[in-house]
Amino acid sequence: MNNEKPVFELEEVSYSYLGRFPALCGITTQIIQGEKLAIIGSNGTGKSTLLSLLDGLIFPDSGKIRAFGRDLSEKEFRDEDFSREFRCSVGFVFQNPDVQLFCPTVKEDIIFGPLHLGFPREEVKKRLEKVVEVFDLGDLLERSPHQLSIGEKRKVSIASVLTIEPQVLLLDEPTAGLDPLTVRHIVDIILQENESGRTIITATHDMHIVGEIADCICCLGKERRIVRCGAAEELLADRVFLEQNNLIHMHAHRHKDKTHIHPHEHLDHHANEKIIPDQA
Ligand SMILES: Nc1ncnc2c1ncn2[C@@H]1O[C@H](COP(=O)(O)OP(=O)(O)O)[C@@H](O)[C@H]1O
Ligand SMILES: [Mg+2]
């Protein structure tokens, strides 16, 4: 019926930490090449675990994951060619940039991936220049990543993955703790990367950005199972569903002597928008 090509296929995938703490139960889904998918769900529903499984950092206790038509298992990763090809194809930006960034300088962190994967020096230099321009990192290159602000750290960690130019980008809470302008910058970069053909999979509970960074949504629930998968527009319009899954909530606050109650969410952030004309 269609020529959509899955990059990932998951069949009844379950995972527990230390064999005792269930983190995902019976996940069956497909992720299609070129799509923008958001994995949403409240805290502890298994979003980060799912991304770690897709990145081959951990492996299911039961069930199967296939990536680009091959099994994603410890056995396959022992094949060096497969492992290298997979690492060139899939990039993972961790939830915590302090885990991602470990080099003495920002520049070394940004070029670590392509150098480690054996890309030629000239090519690495070109990729470095490109991300420095996109993220405006010129002044930070010689700084220690650990001395940066959270927004700067997050930009550096995304840049360090983009230099690999992976066809699939896994992003774990890429906008958490950022100011609105930095959120805007990161959302724009996600959209550009998708337009250039990359599959983008973002775990988030930031409902502010989901409408933009996803065509499809996969929602995980308290039982750590998929409670719903579908078109972003349709799912985001279902407020009852979002409330039931703790993604929006009623919010009470006081102004002078009056208490206001309204839904706390950010789904209609275009409601009061001002249109800024394009620069000529
Ligand atoms: N290293 C770990 N050891 C034990 N349990 C963990 C570990 N990491 C996550 N978990 C548990 O797995 C479940 C899913 O966690 P996680 O994937 O981090 O959820 P989310 O990213 O949606 O917040 C949670 O119940 C969490 O407590
Ligand atoms: Mg998480």
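Above this note sits the structure.
It should be emphasised that the depicted structure is a prediction, and the values quoted were computed from it without experimental measurement. (Residues numbered from 1 in each chain as written. Chains lettered and ligands numbered in written order. Predicted model: local features only at pLDDT ≥ 70, side-chain atom pairs only at ≥ 80, totals over all residues. Heavy atoms only, no water.)

Peer 1: I'd like a description of helix α6 (residues 121–135), backed by residues and values.
Peer 2: With 15 residues, α6 should cover 21 Å at 1.5 Å per step; its first-to-last C-alpha distance of 21 Å lies within 8% of that length. Of all the residues in α6, the buried ones are Val124, Arg127, Leu128, Val131, Val132 and Phe135. All buried residues of α6 fall inside an arc of 135° around its axis, so they share one side. Seen from the buried face of α6, the exposed residues on the opposite side, beyond 90 degrees, are Glu122, Lys126 and Glu133. Considering only its buried residues, α6 is in contact with α5 (106–116), α7 (150–162) and α8 (180–195). Downstream of α6 by a residue or two, Asp136 has a phi angle that is positive, lying close to 55°. (Helix = DSSP H or I, 4+ residues; strand = E, 2+ residues; numbered from the N terminus. Expected span 1.5 Å × (residues − 1). Buried < 20%, exposed > 50% of the residue type's maximum accessible area, 1.4 Å probe, protein only. Arc of directions from axis to C-beta. Contact = heavy atoms within 4.5 Å.)

Peer 1: An account of unusual backbone geometry is needed here, citing residue identities and associated values.
Peer 2: Positioned with a positive phi, Glu12 is a non-glycine residue whose angle comes to about 50°. Along the chain, Glu12 turns up in strand β1 (residues 6–17). With phi around 50°, Glu173 is a residue other than glycine that occupies positive phi space. Within the secondary structure, Glu173 is located in the loop between β7 (168–172) and α8. Assessed through its relative accessible area of 7%, Glu173 is described here as buried.

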